[in-house]
Amino acid sequence: MIDAIAAVSSALSADSSAAAQQTPAAPDFGAWLDRQVGAVNDSVAQADHAVQLLAVGQAESLPDVMISLENARMSLSLMVQVRDRLVQGYEDVLRMQI
């Protein structure tokens, strides 16, 4: 009887440890934000490069340059809005009475 209980107990602990290993870690907001800031930076750098190519006459087409500039502008605008919301939330927390 005790051997059966030990076998069930070891099987349950093996199942729970396997389930714990399969559970993904919680998403990290800081890492996500870092990736998004990097993506915005890449977008702005790509737009800057497209404008430089246009200035020296090596750009493929003006519409592609304008699309790249607009994508960079929209990405940067969204990032500024996210920053403003984060700062507003932080200020709200600071104003809370304890």
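Keep in mind that this is a model prediction, so the values were computed, not measured.

## What about the overall build of the protein chain?
Of regular secondary structure, the protein chain possesses three helices and zero strands. Taken from the N to the C terminus, the helices and strands of the protein chain come in the order α-α-α. Across the 98 residues in the protein chain, those meeting the buried criterion constitute 8%. A total accessible area of about 8,200 Å² is found for the protein chain, and carbon and sulfur atoms account for 62% of it.

## Observations concerning the packing of helix H2 (residues 29-55) against helix H3 (residues 62-95)
Relative orientation of the contacting elements H2 and H3 amounts to 150 degrees, with a least axis distance of 9 Å. One element, H2, and the other, H3, form an angle in the roughly antiparallel class. For the pair H2 and H3, the crossing hand works out as left-handed. Together, Phe-29, Leu-33, Gln-36, Val-37, Val-40, Ser-43, Val-44, Gln-46, Ala-47, Ala-50, Val-51 and Leu-54 of H2 and Leu-62, Val-65, Ser-68, Leu-69, Asn-71, Ala-72, Ser-75, Leu-76, Met-79 and Leu-86 of H3 make up the contact between the two elements. Partitioning the contact of H2 with H3 into residue classes produces 16 nonpolar, six polar and no charged.

## Focus on the pattern of salt bridges
For the structure shown, the criterion picks out three salt bridges. The partner of Arg-73 in a salt bridge is Glu-70, and the shortest N-O contact between them spans 2.4 Å. With Arg-73 and Glu-70 both in helix H3 and three residues apart, the pair spans about one turn of that helix. On the accessibility criterion, Arg-73 (49% relative accessible area) is partly exposed.

## Section: H2
Its 27 residues place the ends of H2 39 Å apart at the C-alpha level, agreeing with the 39 Å of an ideal helix rising 1.5 Å per residue. Among the residues trailing H2, Gly-57 stands out with phi positive, at a value near 85 degrees.

## Re the side chain of Ser-43
Tracing the backbone shows Ser-43 in helix H2. Those residues in contact with Ser-43, other than ones at most four positions away along the chain, are Asn-71, Ala-72 and Ser-75.

## What about the confidence of the model for the protein chain?
Residues with a pLDDT of 70 or more make up 76% of the protein chain, whose mean pLDDT is 83. Ranking the helices and strands of the protein chain by mean pLDDT puts H3 first, with 94, and helix H1 (residues 2-22) last, with 58.

Reading the values: the criteria
Residues numbered from 1 in each chain as written. Predicted model: local features only at pLDDT ≥ 70, side-chain atom pairs only at ≥ 80, totals over all residues. Heavy atoms only, no water. Helix = DSSP H or I, 4+ residues; strand = E, 2+ residues; numbered from the N terminus. Buried < 20%, exposed > 50% of the residue type's maximum accessible area, 1.4 Å probe, protein only. Areas by Shrake-Rupley, 256 points an atom, 1.4 Å probe, with all protein chains shown as cover. Axes fitted to C-alpha atoms, helices over the stretch in contact; angles between N-to-C directions. Parallel < 35°, antiparallel > 145°, perpendicular 65-115°, else oblique. Left-handed = near helix turned anticlockwise from the far one by under 90°. Contact = heavy atoms within 4.5 Å. Nonpolar A, V, L, I, M, F, W, Y, C, P; charged D, E, K, R; others polar. Salt bridge = Lys/Arg side-chain N within 4 Å of Asp/Glu carboxyl O. Expected span 1.5 Å × (residues − 1). pLDDT = per-residue confidence, 0-100.

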